[in-house]
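Chain by chain, the residues:
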Amino acid sequence: MATTVLIGLTTAGLSTPAAAVPDEFRPQLVTVDTPTRADKALLQTLGLDLTEHAGHDYVEVVLHTPADLAALLGAGLGFDVRIPDLLAREAENNRINAAYAAATTTSPLPSGRDAYRTLADYNADMAALESDRPDLVKRFALPHRSLDGREIFGVEIGKDVHGPDRGLPVFVMLGVHHAREWPSGENAMEFAVDLVRNYGTDRRITDLVDRSRVVVVPVVNVDGFELSRTDGELVDIREVDGGGTATILGNPGNAYKRKNCRLVDGQDTPDGTCRAGSLTSPGGFGTGTDLNRNYGGYWGGPGASDLFADPTYRGAAPFSEPETQNIRELVSGRHVTTLITNHTFSNLVLRPNGAAPDLVPPSEGIPLGDPFDEAALKALGDEMAAQNGYTSQHAWELYDTTGSTEDWSYNATGGFGYTFEIGPDEFHPPFPEVIDEYLGAGEFAGKGNREAYLVALENAVDPTTHSVLSGKAPAGATLRLKKTFPSPTWEGSIQDTLDTTMTVGPDGRYTWHVNPSTRPVVKDRQVETLSGDPVQEESWTGTTLPLQSTDREFTVARDADLLEVVLDWPTPDDMDLEVYRKNADGSLVQVGSSGNFVGEKERVLLQAPEQGTYVLRAINFASVTPTWTLTASLFEAETSTVPGLVEAWTLTCERDGRVVERVPVVVDRGQQLRVDLKACGRR
């Protein structure tokens, strides 16, 4: 077991990007300046550990080694050090946690817990829920053990949960895809406890549980979490030595581990070898697969690396990891009408898609566009964010990502999917902050993620947000809905199968809450195009020396659908474009940027621009010909449709293991369709 010993920890860190690599380096969290899309693209090529905390002009990054720092310095990207010593911060959090636990008998959480769970705690708590309420809770093991040989458990919650499936809508809650994101598991587990403890006394919760099946898997990445959680329980020994104090941190190597325990690319290793294998990787990030890049939806595209040592390594193939295969089978075998996968940190509610709408996957040859259900996805995201104070936005507004959980689940099944990025500024902050995130604090006290999850569960059971089949069939018969199809990856496709069943009740009638028969990924796509000549336009020419910038102002004097700003120059090298809105006090707010690769001209497109003054900034990043042309144009827009497909479920009625009747079913979101299976009853 390797042990890192840091004597006399300080909080001093780098203050400028130009600082030299220090002799004694400590893992740190930095905020990297990425004002253009090209900057973000460059950052994603450096093999660094990018967090999910990002905005239009920054991305926060964990630097594990001096080599990481050197790579960032070499790229020329500016950055600020936000947490100069993550190990010292870990020790500080542990002291805060210990003090809170010592002073607390029972916390306000549904479970009353006052400290982070271990993996054993999660498994024990799930077993206890089943033991306490066997009529309401079923603990189950997912089909695939982890790479280190551990079972992965979840709980299913619902009225008569051990009885036959009666076709209720399913809500899925996931936690800890990334090992270091401990609050993601805590929030998921507390919601499970909340539903069980309040069933029968809270009218709203009782009604929602009666009308659904809730499936919670609090720890998807059990191997990685076990390492992070145990290494994160750092030893903090203070010794008096001539009046001085020394802090010794033991075994911190995997406290900030991100990925799973894949030690050899594409190969399994003997059970129990994960910890020893991870010691060869600083912070545990050089080995493993990023599970949230391993799902099949557009796997292998932007924001997911093909290099094994990269923190965002996508895996040897789509669903190559047992952990993602578990979730694939869980979702494919149920009608999951709403799904939330929890992460940390950023205070965000993210919705599909993970990659920008103007990107064109080679497998399809047309732009991704916004999801078919964008309006409804946004409305629910906004409603959830109103409960916890988070920002509701597209996932791609952080940076482009492919192979993520909800991108696959939404596009393959049609069930709404979201990522919650819990907390403002740390992967696993002091435990009292977990309590505040779940229950709400300040103006969100009494709401928080608890209320946001209940809003999501209400969406899951609302028949207008999915589809419903009903009719007559023989009592006790098994009804099956099945569909096999190609799911697009970035450059090809994989085969997916959705295969779900329910049992007809004793009265010979059934009601089955299902997802629409046509997947969102093949539905019509709305493409917004400019309509005719601009209604207002202005053009400038100018000269800007290398590494300098020039501003021009443009006033939007009327309502319009689109503001297009184009920067052109004669040589195949590099300039960048930034667009700002000017406030009444003269301050600027960036509203768009374009930083394409060398040789690509720059363009910013703003939807429904507010009236007022805009500052257009031409930046000579690396152009040998400093003369440019800048054009701003206001347009009305036309929306055209790229025609999609209509898909059908295959509905079968089975008796005594035999298929007696088979019918195709086409059903849309919000539609209730009657399908009587008369032939099944006659044979």
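For the rest of this paragraph, the subject is the sheet that holds strand E18 (residues 509-514). One open sheet holds the 3 strands; their spatial order is E18-E15-E31, and the pairing between them is mixed. Looking along the sheet, the strands with just one partner apiece sit at the ends: E18 and strand E31 (672-674). Between one strand axis and the next, the sheet turns by 15 degrees as a mean value, whatever way the strands run. Here strand E15 (residues 467-472) runs beside E18; their pairing, made up of 6 bridges, is antiparallel. Bridge pairing links Gly471 to Tyr510 in E18.

Evaluated as defined, the whole model comprises 15 aromatic pairs. Plain terms: the ring middles of Phe308 and Tyr313 are 5.4 Å apart, the flat faces sit at 80 degrees to each other, and that makes the pair edge-to-face. Residue Tyr313 is classed as buried on the basis of its relative accessible area of 3%. Put simply, the rings of Phe171, Phe191, Tyr390, Phe420, Tyr438 and Tyr453 pair up and form one aromatic cluster. Its end group placed over the ring of Trp649, Lys483 keeps NZ or CZ at 4.5 Å from the ring centre. Here the basic side chain of Lys523 rests over the ring of Phe372, its NZ or CZ set 4.7 Å away from the ring centre.

Relative to the assigned elements, Asp400 resides in the loop between strand E13 (391-394) and helix H11 (405-413). Sequence spacing of Asp400 and Asn353 is 47 residues, and the spatial spacing of their C-alpha atoms is 9.0 Å. With sequence-adjacent residues up to four places away left out, Asp400 is seen in contact with Arg37, Gln44, Pro302, Gly303, Gly354, Ala355, Ala356 and Leu359. Of note is the side chain of Asp400, whose polar atom sits 3.0 Å from the backbone nitrogen of Ala356.

Okay, the confidence of the model for the protein next. With 90% of its residues at a pLDDT of 70 or more, the protein shows a mean pLDDT of 87. For the stretch residues 1-23, pLDDT sits under 50, and the model shows 54 contacts to residues farther than four places along the chain or on other chains. Predicted confidence for residues 235-251 stays below pLDDT 50, and this span has 44 contacts to residues more than four positions away or in other chains.

Once that is clear, we can look at unusual backbone geometry. For the bond running from Thr344 to Phe345, omega is 5 degrees, close enough to zero to count as cis. Looking at where Phe345 falls in the secondary structure, it is placed in the loop between strand E11 (336-343) and strand E12 (348-351). Cis geometry is adopted by the peptide bond preceding Asn353, which originates at Pro352 and carries an omega value of 0 degrees. Mapped onto the secondary structure, Asn353 falls in the loop between E12 and helix H10 (374-388). A positive phi angle is found at Ser346, which is not glycine, with a value near 155 degrees. Following the sequence through the fold, Ser346 ends up in the loop between E11 and E12.

What follows deals with the state of the cysteines. If you walk through the whole model with that rule in mind, you get 2 disulfides. In this model, Cys261 is linked to Cys274 through a disulfide, with the two sulfur atoms separated by 1.6 Å. A torsion of -60 degrees about the S-S bond marks the disulfide between Cys261 and Cys274 as left-handed. Taken as a pair, Cys261 in the loop between strand E10 (244-249) and helix H8 (274-278) and Cys274 in helix H8 lie far apart in primary sequence, 13 residues in all. Each member of the pair Cys261 and Cys274 is classed as buried. With its bonded cysteines labelled in order along the sequence, the protein shows the pairing 1-2, 3-4.

For H10, which comprises 15 residues, the first-to-last C-alpha distance of 21 Å matches the rise-based estimate of 21 Å (1.5 Å per residue) to within 8%. Those residues of H10 that fall on the buried side of the exposure criterion are Glu374, Leu377, Leu380, Gly381, Met384, Ala385, Gln387 and Asn388. Buried residues of H10, seen end-on, are gathered within an arc of 155 degrees and therefore sit on one face of the element. Turning to H10, the residues buried within the fold contact E11, E12, E13, H11, strand E14 (416-421) and helix H13 (448-461).

Considering all chains together, one arrives at 36 salt bridges under this definition. Arg328 is the salt-bridge partner of Asp496, the closest N and O atoms lying 2.8 Å from each other. Here the residue Asp496 occupies a position in strand E17 (residues 493-503), and Arg328 occupies one in helix H9 (residues 322-332), the gap between them amounting to 168 residues. A residue is classified by how much of its surface remains accessible, and Arg328, at 15% relative accessible area, is buried. When the shortest N-O distance is used, the salt bridge between Arg617 and Asp551 registers 2.8 Å. In this pair, Arg617 sits in strand E26 (residues 612-622) while Asp551 sits in strand E21 (residues 549-556), placing the two residues 66 residues apart along the sequence. Residue Arg617 is classed as buried on the basis of its relative accessible area of 19%.

On the surface, Lys472, Arg509, Lys678 and Arg682 cluster together into a patch of positive charge. Within the fold, Lys678 resides in helix H14 (residues 678-682).

Turning to H11, a few remarks are in order. Across the 9 residues of H11, 9 count as buried, placing the element largely inside the fold. What H11 keeps buried is the set Thr405, Glu406, Asp407, Trp408, Ser409, Tyr410, Asn411, Ala412 and Thr413. Immediately beyond the C-terminal end of H11, within one or two residues, lies Gly414, with a positive phi of roughly 90 degrees.

Further remarks concern the nonpolar core. By size, the foremost hydrophobic cluster in this structure holds 96 residues, and its most contacted members are Ile157, Met384, Leu479 and Tyr510. Other than its neighbours up to four places away in sequence, Leu479 contacts Ala473, Thr500, Thr501, Met502, Val504, Tyr510, Trp512, Leu651, Thr652, Cys653 and Leu677. Ranked by size, the runner-up nonpolar core spans 20 residues in total, among them Val556, Ala560, Leu563 and Leu630.

Before going further, it helps to spend a moment on the side chain of Thr544. Along the polypeptide, Thr544 turns up in the loop between strand E20 (536-543) and E21. For Thr544, a relative accessible area of 2% gives the class buried. Only 2.8 Å separates the side chain of Thr544 from the side chain of Trp628, close enough to count as a polar contact. Those residues within four positions of Thr544 in sequence are excluded, and the remaining contacts are Ser549, Thr550, Ala618, Asn620, Pro626 and Trp628.

The contact between helix H4 (residues 119-132) and helix H5 (residues 182-198) brings their axes to 11 Å, and the two run at 10 degrees. Accordingly, the angle class assigned to the pair H4 and H5 is roughly parallel. When H4 is examined against H5, the residues Tyr122, Asp125, Met126 and Leu129 are found in contact with a partner set consisting of Trp182, Gly185, Glu186, Met189, Ala192, Val193 and Val196. By residue class, the composition of the contact of H4 with H5 is 8 nonpolar, 1 polar and 2 charged.

So, how was this worked out
Within every chain, residues take consecutive numbers counted from 1 along the sequence as written. Selection of residues for local features in this predicted model requires a pLDDT of at least 70, selection of side-chain atom pairs for listing and counting requires 80 or more, and totals for whole chains, interfaces and linings are taken over all residues. Only hydrogens and water are set aside when side-chain values are computed; all heavy atoms of the structure are taken into account. Here, a strand pair is defined by DSSP locating no fewer than two bridges between the strands. Numbering of helices and strands runs from the N terminus; a helix is a DSSP stretch of H or I covering at least four residues, while a strand is a stretch of E covering at least two. Here, axes are lines fitted to C-alpha atoms. For helices the fit covers the stretch in contact, and angles between N-to-C directions go from 0 to 180 degrees. Two rings from Phe, Tyr or Trp (for Trp, the six-membered ring) form a pair when their centres sit within 6.5 Å of each other. Planes less than 30 degrees apart are called stacked, planes more than 60 degrees apart edge-to-face, and all others tilted. Three exposure classes are used, based on accessible area relative to the maximum for each residue type with a 1.4 Å probe and protein chains only: buried under 20%, partly exposed in between, and exposed over 50%. Cation placement over rings: the criterion is NZ of Lys or CZ of Arg within 6 Å of the ring centroid and within 35° of the ring normal. The contact criterion used throughout is that any non-hydrogen atoms of two residues lie within 4.5 Å. Polar contact is the term for a pair of N or O atoms within 3.5 Å; when the atoms are in protein, one must be able to donate a hydrogen and the other to accept it, and sequence-neighboring residues count only if both atoms are side-chain atoms. The predictor attaches a confidence to each residue, called pLDDT, with possible values from 0 through 100. Throughout, disulfides are identified as pairs of cysteine sulfur atoms within 2.5 Å of each other. Expected helix span is computed as 1.5 Å times (number of residues minus one). To obtain the arc, one takes the directions from the helix axis to the C-beta atoms. Definition used for salt bridges: Asp or Glu carboxyl oxygen within 4 Å of a side-chain nitrogen of Lys or Arg. Each patch is built from salt-bridge-free residues with over 30% relative accessible area, joining like charges within 9 Å and nonpolar side chains (Val, Leu, Ile, Met, Phe, Trp, Tyr) within 5 Å. Only the protein chains shown count as covering a residue, and every accessible area follows the Shrake-Rupley method with a 1.4 Å probe. Charged residues are defined here as Lys and Arg on the positive side and Asp and Glu on the negative side; His and the ends of the chain fall outside this count. Every charge is mapped onto a representative atom, which is NZ of Lys, CZ of Arg, CG of Asp or CD of Glu. Take the buried residues of types Ala, Val, Leu, Ile, Met, Phe, Trp, Tyr and Cys, join any two whose side-chain atoms come within 4.5 Å, and each joined set is a nonpolar core. Roughly parallel means an angle under 35 degrees; roughly antiparallel means over 145; roughly perpendicular covers 65 to 115; every other angle is labelled oblique. Any residue that is not Ala, Val, Leu, Ile, Met, Phe, Trp, Tyr, Cys, Pro, Asp, Glu, Lys or Arg is counted as polar, Gly included; the first ten are nonpolar and the last four charged.

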